[in-house]
Amino acid sequence: GGAGFIGSHLCEQLLQSGNEVICVDNYFTGDKQNIEHLFDHHYFELIRHDVTFPLYLEVDCIYNLACPASPKHYQYDPVQTIKTSVHGSINMLGLAKRTGARILQASTSEVYGTPEVHPQTESYWGHVNPIGIRSCYDEGKRAAETLFFDYYRQHHVDIRVVRIFNTFGPNMATNDGRVVSNFIIQALRDDPITIYGSGSQSRSFCYVDDIIQGMEKMMMQDGFVGPVNLGNPDEFSILELAEIIIDLTNSKSTIIHEPLPQDDPDRRKPDISLAEKELDWKPLTTLEAGLTKTITYFRNRLEQEAGKTHV
């Protein structure tokens, strides 16, 4: 998933830290544009590959970020989504077992489903519909965690597991379908901002740079395998998010409401006390600061796309 939203930022940070990086992506949701500025870097390699098939490399560390992460994308091909989480994890864990590499699984807050505990701690087992339209992602990621811990217990593979909560920032796709990118695109175009349900449902939004720092710290941590929550505990309603984005973009957008999708969680907020204790990590970027950078990115992307359309 190295050409994806989070993966592309991770590639850049790992190179800046002096590592040699092999980026693997099949471009189902990844985009070469996210990593094209790295093509000439001496320590960067790019492989087009689908991790549902075995991969043979010599590596020291593996970050397994492969999987579409927005409902729009993972529901487009649900069978491939769960294959990516299950077959992909088996193949990457097999690679880690053979090479002795440390492997980090980018899991998700979606393993908690529609939570009955708030905020969510790592000890909470979740409340997930196993046969719903989101199950290909939710249950796929839960199965991936099972595989990681079984390989850890049975084969002594050196695993790390992080559960990433709602993340945003530059390199999100314009057609991503997630709430931050949707709202920003609609606001920049002065289109009506679409809120599903009343807008009272809450989320906690973490800027991508903070997530990358947390993942790096987890990979370098000895003696602690996780799972550990990575996210921002500041909680905002979807309606509040829309209003902040309208204000930051000086948009003329109005707000409209649509029916709430199936199994959409009411609340989502990480308890990050374990990350603070074990990793000495907490997010540093405020929602407004992160949104300002993300709005600038999307404004530039829309201008580029408009320029290509007119050529």
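Coordinates for the structure precede this section.
Because the structure is predicted, anything quoted here is derived from the model rather than measured. (Residues numbered from 1 in each chain as written. Predicted model: local features only at pLDDT ≥ 70, side-chain atom pairs only at ≥ 80, totals over all residues. Heavy atoms only, no water.)

Student: Any chance you could break down the overall build of the protein chain for me, citing the residues and the numbers?
Tutor: Regarding its fold elements, the protein chain presents nine helices and 12 strands. Here the C-alpha radius of gyration of the protein chain, 19 Å, is about what a compact globule of 311 residues would show, namely 19 Å. The dimensions of the protein chain, computed from C-alpha atoms along their principal axes, are 55 × 50 × 40 Å. In the protein chain, which comprises 311 residues, the share counted as buried stands at 52%. By sequence separation, contacts in the protein chain at least 24 residues apart represent 81% of the contacts at least 6 residues apart. (Helix = DSSP H or I, 4+ residues; strand = E, 2+ residues; numbered from the N terminus. Rg over C-alpha atoms; globule rule 2.2 N^0.38 Å. Buried < 20%, exposed > 50% of the residue type's maximum accessible area, 1.4 Å probe, protein only. Contact = heavy atoms within 4.5 Å.)

Student: Pulling in residues and values, what's your account of the layout of surface pockets?
Tutor: Within this model, the second largest pocket holds a volume of roughly 800 Å³. Those elements that provide at least two residues to the lining of the second largest pocket are helix 1 (5-16), strand 1 (21-25), strand 2 (44-48), strand 3 (61-64), helix 3 (78-99) and helix 6 (208-220). The class makeup of the residues in the lining of the second largest pocket is 22 nonpolar, seven polar and five charged. (1 Å grid on protein atoms, 1.4 Å probe; cavity = no way out; pocket = protein on both sides within 12 Å on 5 of 7 lines; lining within 4 Å. Points joined across faces, edges and corners; volume = space filled by probe spheres on them. Nonpolar A, V, L, I, M, F, W, Y, C, P; charged D, E, K, R; others polar.)

Student: Which residues make up the sheet that holds strand 4 (residues 102-108), and what are the values?
Tutor: Judged by pairing direction, the sheet is parallel, and its four strands sit side by side in the order 3-4-5-10 without closing on themselves. What marks the edges here is a single partner per strand, and that holds for strand 3 and strand 10 (228-230). With direction set aside, neighbouring strand axes in the sheet form an average angle of 25°. Where strand 5 (residues 159-164) lies against strand 10, three bridges are found, and the strand directions are parallel. Looking at the pairing, Arg163 lines up with Asn229 of strand 10. Across the face of the sheet, helix 3 comes into contact with strand 3, strand 4 and strand 5 while running at roughly 170° to strand 3. (Pairing = 2+ DSSP bridges. Axes fitted to C-alpha atoms, helices over the stretch in contact; angles between N-to-C directions.)

Student: An account of the packing of helix 3 against helix 4 (residues 135-155) is requested, with residue identities and associated values reported.
Tutor: At a minimum axis separation of 9 Å, helix 3 and helix 4 run at an interaxial angle of 15°. Taken as axis vectors, helix 3 and helix 4 run roughly parallel relative to one another. The element helix 3 and its partner helix 4 pack so that their crossing is right-handed. Of the residues in helix 4, those in contact with Pro78, Thr81, Ile82, Ser85, Val86, Ser89, Ile90, Leu93, Gly94 and Lys97 of helix 3 are Cys136, Tyr137, Gly140, Lys141, Ala143, Ala144, Leu147, Phe148, Tyr151 and His155. (Parallel < 35°, antiparallel > 145°, perpendicular 65-115°, else oblique. Left-handed = near helix turned anticlockwise from the far one by under 90°.)

Student: Report on the pattern of salt bridges, specifying residues and quantitative values.
Tutor: Pairing between side chains of opposite charge can happen when the charged atoms of each approach one another. For the coordinates displayed, the defined rule picks out 12 salt bridges. In this structure, the salt-bridge partner of Arg268 is Glu110, at a minimum N-O distance of 3.3 Å. Here Arg268, found in the loop between strand 12 (255-258) and helix 8 (273-279), pairs with Glu110, found in the loop between strand 4 and helix 4; they are 158 residues apart in sequence, far enough to count as distant. No difference in accessibility class separates Arg268 from Glu110, as the two residues are buried. Note that Glu305 is salt-bridged to Arg301, the shortest N-O span being 3.6 Å. Within this pair, Glu305 and its partner Arg301 are both found in helix 9 (residues 287-310), separated by four residues, close to a single helical turn. Several salt bridges share partner residues, and in doing so they unite Arg102, Asp158, Arg160 and Asp222 into one network. (Salt bridge = Lys/Arg side-chain N within 4 Å of Asp/Glu carboxyl O.)

Student: How would you summarise the side chain of Arg268 if you had to cite specific residues and measurements?
Tutor: Classification of Arg268 as buried rests on a relative accessible area of 1%. The contacts of Arg268, once residues within four sequence positions are left out, are Ser109, Glu110, Gly113, Pro115, His118, Gln120, Phe165, Asn166, Ser202, Arg203 and Ser204.

Student: Any details on empty space enclosed by the protein? Residues and values, ideally.
Tutor: With the rule as written, the count across this model stands at one cavity of 30 Å³ or more. In this model, the largest cavity occupies a volume close to 30 Å³. What lines the largest cavity is simply Phe205, Asn232, Asp234, Phe236, Thr285, Thr286 and Leu287.

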